[in-house]
Amino acid sequence: MICKEKACMLIEAALAQLSYAYAPYSDFKVGAALLAKNGAVYTGCNIENAAYAPTNCAERTAFFKAVSEGNREFGAICILGGPGGKPQAYTPPCGVCRQVMMEFCDPEQFEVILATGVEDYAIYRLKELMPFGFGPGNLC
Ligand code: THU
């Protein structure tokens, strides 16, 4: 289980991303901070699009930044967001983002931190969020 210090570091990093979120259509701004096993942190925000479908969620932005820089081993991610960029409730990852997590993370180990701030967070294992999920191992 991730320690409180690291969880709060990720929450702060995700909060800082809210100001970069590009969400002119929903005004629902999301920030994410992904902790790699080597200690590196990759941040992300949601990036919307006038054609709607190309929208990229904050957590996928973080994953794609990390993978595109050669890092594929991860321990935890913090996700938070809210209308106008003010988190009022937890923002659980969408199904597509859960599937992206399944590609690179051990569902038994990977931790998803949902938060509204450093005083209010909850930690879930990917397995809880994606029970009986499909991953690379299923292709063997
Ligand atoms: N969104 C995320 O960035 N992450 C989530 O986990 C849920 C949804 C974004 C997508 C879209 O820009 C906005 O929130 C409203 O759905």
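These lines cover the structure that appears in this document, whether it is placed above or below. Computed from a predicted structure; not experimentally measured.

This part takes up the environment of Gln99. Within the secondary structure layout, Gln99 lies in helix α3 (residues 95–104). Overall, Gln99 belongs to the partly exposed group, its relative accessible area being 31%. Through-space distance from the C-alpha of Gln99 to that of Met130 is 8.1 Å; in sequence the pair is 31 residues apart. Each residue touching Gln99, except ones within four places of it in the same chain, is listed here: Met130 and Phe134. Within polar-contact distance, the side chain of Gln99 engages the backbone oxygen of Phe134 at 2.8 Å.

A few words on the packing of helix α2 (residues 58–68) against α3. A pair of packed helices is characterised by two quantities: the angle between their axes and the separation of those axes. Closest axis-to-axis distance for the α2/α3 pair is 9 Å, and the angle between their directions is 30°. Here α2 is positioned roughly parallel relative to α3, judged by the angle of their axes. By crossing handedness, the relation of α2 to α3 is classed as left-handed. Residue-level contacts link Glu59, Arg60, Phe63, Phe64 and Val67 of α2 to Val96, Cys97, Val100, Met101 and Phe104 of α3. Grouping the amino acids of the contact of α2 with α3 by side-chain chemistry returns eight nonpolar, no polar and two charged.

Once their charged atoms are close, side chains differing in charge can pair, the charge on each being opposite to the other. All chains considered together, the criterion is met by two salt bridges. Between Lys127 and Glu108 there is a salt bridge; the shortest N-O distance is 3.6 Å. A residue pair is termed long-range when its members are at least 10 positions apart, and Lys127 in helix α4 (residues 126–129) and Glu108 in the loop between α3 and β4 (111–117) qualify at 19 residues. Glu111 is paired through a salt bridge with Arg125; the nearest N and O atoms lie 3.5 Å apart. Placement of the pair is Glu111 in strand β4 and Arg125 in strand β5 (residues 120–125), with a sequence separation of 14 residues. Note on Arg125: relative accessible area 25%, which makes it partly exposed.

Conventions and cut-offs
Residues numbered from 1 in each chain as written. Predicted model: local features only at pLDDT ≥ 70, side-chain atom pairs only at ≥ 80, totals over all residues. Heavy atoms only, no water. Helix = DSSP H or I, 4+ residues; strand = E, 2+ residues; numbered from the N terminus. Buried < 20%, exposed > 50% of the residue type's maximum accessible area, 1.4 Å probe, protein only. Contact = heavy atoms within 4.5 Å. Polar contact = N/O pair within 3.5 Å; in protein donor to acceptor, adjacent residues only side chain to side chain. Axes fitted to C-alpha atoms, helices over the stretch in contact; angles between N-to-C directions. Parallel < 35°, antiparallel > 145°, perpendicular 65-115°, else oblique. Left-handed = near helix turned anticlockwise from the far one by under 90°. Nonpolar A, V, L, I, M, F, W, Y, C, P; charged D, E, K, R; others polar. Salt bridge = Lys/Arg side-chain N within 4 Å of Asp/Glu carboxyl O.

The values are spatial; any link to function lies outside them.
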